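Now for the letters of each chain:
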Amino acid sequence: MGNLTAAVIEDLAPEGVLRASVNLGNPVLAQGTPEEPAGITVDIARELAARLGLPLEVLCFDAARKSFAAMAEGRADLCFLAVDPAREAEVAFTAPYVLIEGVYAVPAESALTTAAEVDADGVRIGVKEGSAYDLYLSRALEHATVVRGAEGVDVFREQGLEAGAGIRQPMTAYAAAHPEVRLLDQAFMQIRQAVGTTVDRRPETVAWLRAFVEELKASGFVADALRRSGQSESLCAPAE
């Protein structure tokens, strides 16, 4: 084992176990159950643990805010979250490994046709509390208001809101199953999913993680993991 790898292990997993926080609430990134999680985030965590020769502990949550809290509070060493300024005070991120889109659902009879039109007075948007699109819309909206809940589409439906926000893939499936709802095809944001650790890690550790993610993208690992979990390889982020 090289000196750099040994230093990374000591800094990243001082307890001798790599603890990875995974968000099962994002079906693009993770699937399965807390007992048997699967998906690209789990595959990346397993590969990282294997590279470092460490046992892996996967901590599963149903929301990004809970996954973030686990790492911020010292219960996890690694997280898989969207890059966002509100998180960067506590998380050192790699470059993204996956790019996904945030889109709106609206009632089928709605007059809204573009993402820009949603930001209007009187428009209420259902979002999943603490999600990347909650954080983004809370900053970016000038006229519309955000209504938070456990799931954006549930808040949208239950409260009869003008729009619901979410990730394109599950939102597309939701609209297909609910003819009273349609998607606005234009994305309102790009969600940059990355690997993260706490900002108090050594710069060399963060640089090692960043190089690791770039290698996984270049080697085809990310594309293969996406395909194995039933997701499109086109979601793989470009090299940086």
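In what follows, the accompanying structure is described. Values in this document were obtained by computation on a predicted structure and should not be read as measured data. (Residues numbered from 1 in each chain as written. Predicted model: local features only at pLDDT ≥ 70, side-chain atom pairs only at ≥ 80, totals over all residues. Heavy atoms only, no water.)

1. A few points about helix H3 (residues 64–72)
Here is step 1: Taken residue by residue, H3 has Ala64, Ser67, Phe68, Ala70 and Met71 as its buried positions. The buried residues of H3 occupy an angular sector of 160° when projected down its axis, which confines them to one face.
Here is step 2: Count one or two residues on from H3 and you reach Gly74, which has phi positive near 85°. (Buried < 20%, exposed > 50% of the residue type's maximum accessible area, 1.4 Å probe, protein only. Helix = DSSP H or I, 4+ residues; strand = E, 2+ residues; numbered from the N terminus. Arc of directions from axis to C-beta.)

2. Let's talk about the packing of aromatic side chains
Here is step 1: All told, the structure shown has 4 aromatic pairs when counted by the stated rule.
Here is step 2: Each ring, one from Tyr104 and one from Phe188, has its centre 4.3 Å from the other, and the planes form 25°; the classification is stacked. Taken together, the positions of Tyr104 in strand E7 (residues 98–107) and Phe188 in strand E11 (residues 181–198) put the pair 84 residues apart, joining distant regions of the chain.
Here is step 3: Owing to a relative accessible area of 11%, Phe188 belongs among the buried residues under this scheme. (Phe/Tyr/Trp six-rings, centres within 6.5 Å; stacked < 30°, edge-to-face > 60°.)

3. Digging into the pattern of salt bridges
Here is step 1: By the definition in use, this model includes 19 salt bridges.
Here is step 2: For Arg51, the salt bridge identified is with Glu47, shortest N-O distance 2.9 Å. Taken together, the positions of Arg51 and Glu47, both in helix H2 (residues 40–52) and 4 residues apart, correspond to about one turn of that helix.
Here is step 3: The exposure class of Arg51 is partly exposed, given its relative accessible area of 34%.
Here is step 4: You can call Glu47 partly exposed: its relative accessible area is 23%.
Here is step 5: The shortest N-O distance in the salt bridge between Glu204 and Arg202 comes to 3.5 Å.
Here is step 6: Take Arg202: its relative accessible area is 34%, and that puts it in the partly exposed class.
Here is step 7: Within the structure, one salt-bridge network assembled from shared partners comprises Arg19, Asp77 and Arg201. (Salt bridge = Lys/Arg side-chain N within 4 Å of Asp/Glu carboxyl O.)

Remember, this is a structural readout, not a statement about activity or role.
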